[in-house]
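As a plain string of letters, each chain reads:
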Amino acid sequence: MGEAGIIHLDAAGAARPSPATVEAQAAFLRAEGEHGAYVAELEAADTLRAGLEALAALLGPDLDPDGIAWHHGASAAFATLLGAWPLPARGGRVGVVPSEYGSNRLVLEACAARAGLDLLDLPVDPAGTVDLDRLDGFGLDRLDLVVFPQVPSQRGIVQPAAEIGRRCAAAGVPLVVDVAQSLGQVDTTGIGADAYVGTSRKWLRGPRGAGFVALRAGVADRLGLAAPSLHNARRAADGGAPEPLPGVARLGVGEASVAARVGLARALVAYAADDPPALRARIAALAAHGRRVLDGAGGWQVREEADSASGIITLRPPPGADPAATRDRLYRDARILTSAIPAARARDLDGPLLRASAHAYNDPTDLDRLAAALAATST
Ligand SMILES: *Cc1c(COP(=O)(O)O)cnc(C)c1O
């Protein structure tokens, strides 16, 4: 429990940052005021670089810090990346999954409408996990791109990302993996994707308003420009179309809250210096405990397998219960922070859900209290 007496069970929405991360941001904001914002950013160069190095190691082994650009968040990074991706002028095919994040899906549908793209669902089992046996007969080699979230935000599953990555590489199809919901809670190394997008505030415990796009070596030079600015492009000498800056800088966004980046860099370094396998194991163990005590509490039903490796627990409401109203009541009456997921959030939802997600700072008793509160509010 934090000092404010709130039980945080919403790492999948926005985790609790450590006091050191909050202080790193506050110190940076003071430096901006005292030294000048651009000077402060230069002074923070080593901190920011250390964050990129920690991030590259988490996505490794084939990722380089020079292939990563800070962004405003995972959705903005995904939109920028798709806008710059070299898809066929008409009739391209993109492999997707039903559990794609809502904002990414809107980006894909907008691209599809504009460029006559076909969005083809990869084969999945009833839980939404990609079915590798059926994927082998799917014909990945007819696709121009595959995109999927390693961990979706509205289902407690983990995609077999490394196995999908191997199959995409064998078929010669580029792969973009959204690690917004997986980085920090499951292993993200060894996927071998061409590009990754991610965010700060979830399992990495960074601040809001920061994220990143990471490219494997050689990918950047194939990309175009999504939203040209002085920060990612230059005017062509011959007066033609603007030219992208070399490397991943072509996806750069320029103006941003540098304090948020400093906070994320601090959180990344702290995460790497901790014991990531132990943190991930603790998150999985808390989720397993949570599923055990929550299933059936007050009539709420856990939707995923009890032993899923995801830290996300989703709960289907009993008849007549409204997840959003329940979330509000839990916070107001029991001081328990959860989130509600509306049915419109993703294509694979057939109704609204309540979501609980414990981080390593939680204790099993936090989930016991949620179960007790759900049992109490249903009566
Ligand atoms: C939260 C989330 C995003 C979006 O991240 P933002 O930083 O809010 O843009 C994208 N994909 C998944 C799977 C997410 O859970």
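Given the structure is predicted, the values throughout are model-derived calculations rather than measurements.

Chemist: Any chance you could break down the overall build of the protein for me, citing the residues and the numbers?
Modeler: Counting secondary structure elements, the protein contains 12 helices and 15 strands. The C-alpha atoms of the protein give a radius of gyration of 21 Å, which matches the 21 Å a tight globule of 379 residues would have. Over its C-alpha atoms, taken along the principal directions, the protein stretches across nearly 75 × 60 × 35 Å. Expressed as a percentage of its 379 residues, the buried residues of the protein come to 52%. Pairs at least 24 apart in sequence give 68% of the contacts found in the protein among residues at least 6 apart. Summing over all exposed atoms, the protein offers an accessible surface of approximately 15700 Å²; the carbon and sulfur share of this is 53%. If the 37 positive side-chain charges of the protein are averaged to one point and the 44 negative ones to another, these points end up 4 Å apart.

Chemist: So, the environment of A324: which residues are in play, and what are the values?
Modeler: Mapping A324 onto the fold places it in helix α11 (residues 323-334). On the accessibility criterion, A324 (29% relative accessible area) is partly exposed. Separated by 206 residues in the primary sequence, A324 and D118 have C-alpha atoms spaced 35 Å apart.

Chemist: Report on the sheet that holds strand β8 (residues 211-215), specifying residues and quantitative values.
Modeler: Across the sheet, which stays open at both edges, the 7 strands sit in the order β2-β8-β7-β6-β5-β3-β4 with mixed pairing between neighbours. Looking at which strands have only one partner, the edges of the open sheet turn out to be β2 (68-71) and β4 (118-121). Neighbouring strand axes in the sheet, compared pairwise and without regard to direction, differ in orientation by 20° on average. As paired strands, strand β7 (residues 195-199) and β8 are joined by 5 bridges and run antiparallel to one another. Counterpart to A195 in the pairing with β8 is L215.

Chemist: Which residues make up the site of the ligand, and what values do they have?
Modeler: For the ligand, the set of nearby residues contains 13 residues, the closest of which are S75, D178, Q181, T199 and K202. For the ligand, an oxygen atom lies 3.0 Å from a polar atom in the backbone of A74. Here an oxygen atom of the ligand sits 2.7 Å away from a polar atom, N or O, in the side chain of K202. For the ligand, whose free accessible area comes to 380 Å², the fraction covered by protein is 92%. Broken down by class, the residue content of the shell around the ligand amounts to 5 nonpolar, 5 polar and 3 charged.

Chemist: Lay out unusual backbone geometry with the relevant residues and their values.
Modeler: Of note, the bond from G60 into P61 is cis; its omega dihedral lies within 30 degrees of zero at 5°. Checked against the element boundaries, P61 lands in the loop between α4 (45-59) and β2. Non-glycine residue R205 carries a positive phi angle of around 65°. Looking at where R205 falls in the secondary structure, it is placed in the loop between β7 and β8. Even without being a glycine, R335 presents a positive backbone phi close to 55°. In this fold, R335 is placed in the loop between α11 and β13 (336-337). For R335, a relative accessible area of 36% puts it in the partly exposed group.

Chemist: Can you tell me about the nonpolar core, naming the residues and giving the values?
Modeler: L59, L140, V146, Y196 and F212 are the most contacted members of the largest nonpolar core, which has 50 residues in total. If one sorts the elements of this core by residue count, helix α9 (residues 258-273) sits on top with 8 residues. Residues within four places of L140 in sequence aside, it is in contact with L122, L135, V146, R167, C168, A171 and V173. In this structure, L81, A84, V107 and V219 belong to the second largest nonpolar core, which totals 26 residues.

Chemist: Explain the state of the cysteines residue by residue, including any values.
Modeler: Put plainly, a disulfide is one covalent bond tying together the sulfur atoms of two cysteines. Tallied over the entire structure, the rule returns 0 disulfides. Unpaired in this structure, C111 has its nearest cysteine sulfur neighbour in C168, at a distance of 18 Å. Look at C111 and you get buried, because its relative accessible area is 8%.

Chemist: Any chance you could break down the environment of A79 for me, citing the residues and the numbers?
Modeler: Considering the arrangement of structural elements, one finds A79 in helix α5 (residues 74-84). Judged by relative accessible area, A79 falls into the partly exposed class, the value being 34%.

Chemist: Tell me what's going on with the sheet that holds strand β15 (residues 353-357), and back it up with residues and numbers.
Modeler: Reading across from one edge, β11-β12-β15-β14 is the order of the 4 strands in this open sheet, with antiparallel pairing throughout. The sheet terminates laterally at β11 (301-302) and β14 (339-341), the two strands that pair on one side only. Strand direction decides the pairing type here: strand β12 (residues 312-316) and β15, joined by 4 bridges, are antiparallel. Within β15, the residue paired with I313 across the bridge is A356. Its contacts with the sheet put helix α10 (residues 276-294) on β11 and β12, and the angle it makes with β12 is roughly 15°.

Cut-offs applied
Residues numbered from 1 in each chain as written. Predicted model: local features only at pLDDT ≥ 70, side-chain atom pairs only at ≥ 80, totals over all residues. Heavy atoms only, no water. Helix = DSSP H or I, 4+ residues; strand = E, 2+ residues; numbered from the N terminus. Rg over C-alpha atoms; globule rule 2.2 N^0.38 Å. Buried < 20%, exposed > 50% of the residue type's maximum accessible area, 1.4 Å probe, protein only. Contact = heavy atoms within 4.5 Å. Areas by Shrake-Rupley, 256 points an atom, 1.4 Å probe, with all protein chains shown as cover. Lys, Arg positive; Asp, Glu negative; His and termini not counted. Charge placed at Lys NZ, Arg CZ, Asp CG, Glu CD. Pairing = 2+ DSSP bridges. Axes fitted to C-alpha atoms, helices over the stretch in contact; angles between N-to-C directions. Near = heavy atom within 4 Å. Polar contact = N/O pair within 3.5 Å; in protein donor to acceptor, adjacent residues only side chain to side chain. Nonpolar A, V, L, I, M, F, W, Y, C, P; charged D, E, K, R; others polar. Core = buried A, V, L, I, M, F, W, Y, C linked by side-chain atoms within 4.5 Å. Disulfide = S-S within 2.5 Å.

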